[in-house]
2 protein chains.
Amino acid sequence: MLQLDYRSGESLYVQIKENFKRLILSKSLKEDELLPSVRALASSLAINVNTVQRAYRELEQEGYIYSIPGKGNFVAGKIEDAKQKSVSEIREELSKIVEKARAFGVEQEEFQEMIKEFYNKGGKQS
Amino acid sequence: MLQLDYRSGESLYVQIKENFKRLILSKSLKEDELLPSVRALASSLAINVNTVQRAYRELEQEGYIYSIPGKGNFVAGKIEDAKQKSVSEIREELSKIVEKARAFGVEQEEFQEMIKEFYNKGGKQS
DNA sequence: CTAACTGTATCAATCATATTAATACAGTTA
DNA sequence: TAACTGTATTAATATGATTGATACAGTTAG
């Protein structure tokens, strides 16, 4: 169901989170679809239950899934809300970087130029 | 000469670095001006010599100062080069954030809008 | 009602890293 | 040579992130 990379440097629970986010955002997992149980996934990945649990908990806090104790974890509806939240965090980070950049005298125009660059570079698909 | 904030969460050597960067970028410290000796500054701040030393070492690596063993640490010339380096690091961070944002479907226009906001918000002085 | 599933909470062990400190080494100069 | 300078090495400490062991609790099929 899911592949872990032990050499990536990323922690296991973060990898699990990112995997499910991708699957949900791309609609590979549909609204209200049941996710593997924490124990089933932990077992199949040969990791601890709590590691999966932590990923699920945070996915729920971020609005990507909802949990029903005793039943399971399911893909949430209104994924747009979750997206919004993620974007909010990105805004936070961006805000700090802008602050830094200003301290070094980087003007708005220059900053905008960088964005353009990055959007063109990374933009090979879509 | 310099003020430390023990409640800021920032480590001491980082605070020292930022302080001197600001002083140098604002020309409060002029080219080739002598900085306080590691021991003098450590003593006046009541901290360890190596904490100051670390700040100075990194300031040198980043091109803000130069060091002459036995003599002291001095404000570097060509501060523009140091600025460039700092901006390069900011670019790195920015690149990662753009990548993230794209993963959540944030379009370039929306991103540019955020930048505008932040530049206007933060822009109370100058 | 009970067995076998589900998720959850608590606490501890582990690991990694950042930060600071103690101390010895080495160059400069009056 | 004494009293300054910076530097390198190593260790102690603190902090936080990550994972694990284990117990608690809800749901449901039989």
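What you see is a predicted model; the values in this text were computed from it and never measured.

Colleague: Give me the lowdown on the protein's contact with DNA strand D, citing residues and values where you can.
Modeller: In the neighbourhood of DNA strand D, 23 residues make up the surrounding shell, with Tyr13, Asn48 and Asn50 of chain A together with Asn50 and Ser67 of chain B lying closest. Counting only atoms of DNA strand D within 4 Å of the protein, the sugar-phosphate share comes to 59%. Gly70 of chain A places a polar main-chain atom, nitrogen or oxygen, 3.5 Å from a base nitrogen of DNA strand D. Breaking the surface near DNA strand D down by element, the ones donating at least two residues are helix 1 (12–25) and helix 3 (49–61) of chain A together with helix 2 (38–45), helix 3 (49–61), strand 1 (65–68) and strand 2 (72–75) of chain B. For the surface near DNA strand D, the leading source of residues is helix 3 of chain A, giving three residues.

Colleague: Provide a residue-level description of the domain arrangement of chain A, including the pertinent values.
Modeller: Residues and elements named next belong to chain A. Domain parsing of chain A yields domain 1 (12–75) and domain 2 (80–120). Summarising the inter-unit geometry, the C-alpha centres of domain 1 and domain 2 are found 29 Å apart. Carbon and sulfur atoms make up 50% of the surface buried where domain 1 meets domain 2, a total of about 370 Å² over both sides. The largest per-residue losses of area from domain 1 upon contact with domain 2 belong to Leu25, Glu62 and Tyr64, which jointly make up 75% of the total buried on that side. Applying the counting criterion to the domain 1 and domain 2 interface returns zero salt bridges.

Colleague: If you had to explain the pattern of salt bridges to someone new, which residues and values would you point to?
Modeller: Once their charged atoms are close, side chains differing in charge can pair, the charge on each being opposite to the other. A full pass over the atoms with the stated rule returns 16 salt bridges over all chains. In this structure, the salt-bridge partner of Glu93 of chain B is Lys100 of chain A, at a minimum N-O distance of 2.8 Å. Pair noted here: Glu93 of chain B is in helix 4 (residues 79–103) and Lys100 of chain A is in helix 4 (residues 79–103), and the two residues belong to different chains. Measuring nitrogen to oxygen at the nearest pair gives 2.9 Å for the salt bridge that ties Glu117 of chain A to Arg91 of chain B. Of this pair, Glu117 of chain A sits in helix 5 (residues 108–122) while Arg91 of chain B sits in helix 4, which puts the two residues in different chains. A relative accessible area of 33% means that Glu117 of chain A is categorised as partly exposed. The partly exposed category is assigned to Arg91 of chain B, whose relative accessible area is 25%. What you see here is one network of salt bridges that share partners, running through Lys17, Lys21, Arg54, Glu58 and Glu62 of chain A.

Colleague: Tell me about the protein's contact with DNA strand C, residues and numbers included.
Modeller: Around DNA strand C, the structure places 22 residues, and the nearest of them are Arg39 and Ser67 of chain A together with Tyr13, Asn48 and Asn50 of chain B. Expressed as a percentage, the sugar and phosphate content of the atoms of DNA strand C within 4 Å of the protein is 61%. A distance of 3.0 Å separates a phosphate oxygen of DNA strand C from a polar backbone atom of Val38 of chain A. In this structure, a phosphate oxygen belonging to DNA strand C sits 2.7 Å away from a side-chain N or O atom of Tyr13 of chain B. Among the secondary structure elements, those contributing two or more residues to the surface near DNA strand C are helix 2 (38–45), helix 3, strand 1 (65–68) and strand 2 (72–75) of chain A together with helix 1 (12–25) and helix 3 of chain B. Counting residues per element, the surface near DNA strand C draws most heavily on helix 3 of chain B, at three residues. Classifying every residue of the surface near DNA strand C gives six nonpolar, twelve polar and four charged.

Colleague: Summarise the layout of surface pockets; cite the residues concerned and give the values.
Modeller: To find the voids left in a structure, one rolls a probe of water-molecule size over its atoms. The volume enclosed by the largest pocket comes to roughly 1,100 Å³. Looking at the largest pocket, it is lined by 33 residues, and the ones nearest its centre are Glu99, Lys100, Arg102, Ala103 and Phe104 of chain A. Sorting the residues of the lining of the largest pocket by element identifies helix 4 of chain A together with helix 1, helix 4 and helix 5 (108–122) of chain B as the ones contributing at least two each. Top element by residues in the lining of the largest pocket is helix 1 of chain B. It accounts for eight residues. Considering only residue class, the lining of the largest pocket consists of nine nonpolar, ten polar and 14 charged.

Colleague: Can you break down the pairing of strand 2 of chain B residue by residue, with the values?
Modeller: Of the pairings in the sheet, the one linking strand 1 of chain B to strand 2 of chain B comprises four bridges and is antiparallel in character. Across the sheet, the residue bridging to Ser67 of chain B is Asn73 of chain B, located in strand 2 of chain B.

Colleague: Break down the relation of the copies chain A and chain B for me, with residues and values.
Modeller: Expressed as a screw operation, the relation of chain A to chain B combines 0.0 Å of axial shift with a rotation of 180°, fitting to an RMSD of 0.1 Å. Both chain copies can therefore be described as sitting about a two-fold axis. Every residue of chain A has its C-alpha some distance from the rotation axis, and the shortest such distance is that of Gln112 of chain A, at 3.2 Å. A shared interface surface links the copies, since 100% of the contact residues of chain A are contact residues in chain B too.

Each value, and the rule that gives it
- Residues numbered from 1 in each chain as written.
- Chains lettered and ligands numbered in written order.
- Predicted model: local features only at pLDDT ≥ 70, side-chain atom pairs only at ≥ 80, totals over all residues.
- Heavy atoms only, no water.
- Near = heavy atom within 4 Å.
- Polar contact = N/O pair within 3.5 Å; in protein donor to acceptor, adjacent residues only side chain to side chain.
- Helix = DSSP H or I, 4+ residues; strand = E, 2+ residues; numbered from the N terminus.
- Domains from an automatic or database assignment.
- Buried area = accessible area lost by both parts, 1.4 Å probe.
- Salt bridge = Lys/Arg side-chain N within 4 Å of Asp/Glu carboxyl O.
- Buried < 20%, exposed > 50% of the residue type's maximum accessible area, 1.4 Å probe, protein only.
- Nonpolar A, V, L, I, M, F, W, Y, C, P; charged D, E, K, R; others polar.
- 1 Å grid on protein atoms, 1.4 Å probe; cavity = no way out; pocket = protein on both sides within 12 Å on 5 of 7 lines; lining within 4 Å.
- Points joined across faces, edges and corners; volume = space filled by probe spheres on them.
- Pairing = 2+ DSSP bridges.
- Least-squares fit on C-alpha atoms with pLDDT ≥ 70 in both.
- Contact = heavy atoms within 4.5 Å.

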